[in-house]
Amino acid sequence: MKKQLFFTLAMAFSLPAFASNPLWTYEGAKGPGHWGELSPDYGTCHSGKFQSPIDIRQPVNADLAPLNLHYQNTAETLVNNGHTLQVSVQENEEVELDGQKFTLQQYHFHTPSENLIAGKSFPLEAHFVHSSDNNELLVVAVMFNIGAENPALGPLLAALPEKIDEVATLNQPMNIRPLFPENLHYYRFSGSLTTPPCTEGLRWIVLKEPVTLSQSQLEKFQHALRHANNRPVQPLNGRMIVE
Ligand SMILES: [Zn+2]
């Protein structure tokens, strides 16, 4: 009896550990301050000069082209990979930037936000990861504030997989436009992946206007992720932010 109780407790305490042996984590010995040491492939996390996320301050006024989102309804799959909740989409969603087409590959969520705007953190940030034909990456980030329930998050939260790496299919096509604000004004800068291997040379766009989600929607994200998944902000090192 005693033994069984111990076993049950051990199981309970071991549950928060995600994928049996993750290569990197958001805290402890494999946390962000150590990513650069964990693998030769992760060196840029430590030595990189244009790392993400950043605190967006003192942007320079520029004549930025409007952002054209050509997003349509699409059927998708959802996975909790232990680091984030990630949604894969069919590759027919495009953004045009610098005369190039960038195709949406996946989007995922960080809570709290990774980027800050003038020092302000947001409870949730979505990253829409696009790539060009030359494999150049563009991330479009959207901040969320607590407020009205966000209808576009409903189908995702309803389909949350119980287990790590279990793939859930969203059967009905989902309109992701409500994940973006009406006003698509943005900040732009150069940065990196915010997770190992922290590869640089990414185009970053952070929309200025947040959208909303309800407190209970946020709690579902937090419960599914079980831990904060935001890398701390990185030095600008002379990078210019334009708006
Ligand atoms: Zn991200």
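Residues numbered from 1 in each chain as written. Predicted model: local features only at pLDDT ≥ 70, side-chain atom pairs only at ≥ 80, totals over all residues. Heavy atoms only, no water.

J.: In this structure, what is going on with the coordination of the zinc ion? I would like to understand it.
T.: Octahedral six-donor coordination of a metal ideally yields angles of 90 or 180 degrees, compared with 109.5 degrees for tetrahedral four-donor coordination. Around the zinc ion, the protein supplies His108 (NE2), His110 (NE2) and His127 (ND1) as donor atoms, at distances of 2.0 to 2.1 Å. Residue His110 is classed as buried on the basis of its relative accessible area, which comes to 1%. With a relative accessible area of 2%, His127 lands in the buried category. (Donors = N, O, S within 2.8 Å, 3.2 Å for Na, K, Ca; no water. Buried < 20%, exposed > 50% of the residue type's maximum accessible area, 1.4 Å probe, protein only.)

J.: Is there a simple way to explain the state of the cysteines in this structure?
T.: A covalent bond between the sulfur atoms of two cysteines is what we call a disulfide. All chains considered together, the criterion is met by one disulfide. With a sulfur-sulfur separation of 2.1 Å, Cys45 is cross-linked through a disulfide to Cys198. Across the S-S bond linking Cys45 and Cys198, the dihedral sits near 95°, which makes this disulfide right-handed. Separated by 153 residues along the polypeptide, Cys45 in helix α3 (residues 44-47) and Cys198 in the loop between β11 (186-192) and β12 (200-207) bring together distant segments of the chain. You can call Cys45 buried: its relative accessible area is 9%. (Disulfide = S-S within 2.5 Å. Helix = DSSP H or I, 4+ residues; strand = E, 2+ residues; numbered from the N terminus.)

J.: Just checking my understanding: could you explain the nonpolar core for this structure?
T.: The nonpolar side chains of a soluble globular protein tend to be buried with one another. Counting 40 residues, the largest nonpolar core has Tyr107, Phe109, Phe128, Phe144 and Phe180 as its most contacted members. Excluding residues within four positions of it along the chain, Phe128 makes contact with Tyr71, Leu104, Gln106, Tyr107, Leu138, Val139, Val140, Val142, Ile176, Leu179 and Phe180. Core analysis: the second largest hydrophobic core is formed by 14 residues, Ile56, Val139, Tyr187 and Phe189 among them. (Core = buried A, V, L, I, M, F, W, Y, C linked by side-chain atoms within 4.5 Å. Contact = heavy atoms within 4.5 Å.)

J.: Please explain the pairing of strand β8 (residues 124-131) as it appears in this structure.
T.: Looking along a regular strand, one sees side chains alternate from face to face of the sheet. Within β8, eight of the eight residues are buried, which leaves it mostly tucked inside the rest of the structure. Residues of β8 alternate between two faces, with Leu124, Ala126, Phe128 and His130 on one and Glu125, His127, Val129 and Ser131 on the opposite face, all of them buried. Note: strand β6 (residues 100-110) against β8, seven bridges, orientation antiparallel. Across the sheet, the residue bridging to Tyr107 is Phe128, located in β8. With eight bridges joining them, β8 and strand β9 (residues 137-146) adopt antiparallel strand pairing. Bridge assignment links Phe128 to a residue of β9, and that residue is Val140. If you look at the hairpin formed by β8 and β9, you'll find five residues sitting between the two strands, and Asn135 has a positive phi there, around 65°. (Pairing = 2+ DSSP bridges.)

J.: Explain the pairing of β9 here, please?
T.: Counting buried positions along β9 gives seven out of ten residues, so the element sits mostly inside the fold. Pairing of β9 with β12, which is carried by four bridges, proceeds in the parallel orientation. By the bridge assignment, Leu138 is partnered in β12 with Arg203. Taken together, the three bridges between β9 and strand β13 (residues 211-213) define a ladder with parallel strand orientation. Bridge pairing in β13 places Phe144 opposite Val211.

J.: Quick question: what am I supposed to make of the pattern of salt bridges here?
T.: Note that side chains of opposite charge can pair when their charged atoms are close. Scanning the entire structure with this criterion turns up five salt bridges. Among the charged side chains, a network of salt bridges with common partners joins Asp98, Glu136, Arg188 and Arg203. (Salt bridge = Lys/Arg side-chain N within 4 Å of Asp/Glu carboxyl O.)

J.: How should I be thinking about the confidence of the model for the protein in this particular structure?
T.: Predicted coordinates in regions of low pLDDT should not be interpreted in detail. Within the protein, residue pLDDT values average 89, and 91% of them lie at 70 or more. Note on residues 1-19: pLDDT is under 50 here. Beyond four places in sequence and across chains, it has nine contacts. (pLDDT = per-residue confidence, 0-100.)

J.: Whenever I open this one, unusual backbone geometry confuses me. Can you help?
T.: Most peptide bonds take the trans configuration, and most residues that are not glycine carry a negative phi. Pro112 follows Thr111 through a cis peptide bond whose omega is -5°. Structurally, Pro112 can be placed in the loop between β6 and β7 (116-117). The phi torsion at Asp98 lies on the positive side, around 55°, for a residue other than glycine. Examined against the element boundaries, Asp98 turns out to sit in the loop between β5 (94-97) and β6. Of note, Ala118 is a non-glycine position whose phi angle comes to about 50°, a positive value. For Ala118, the position within the fold is in the loop between β7 and β8.

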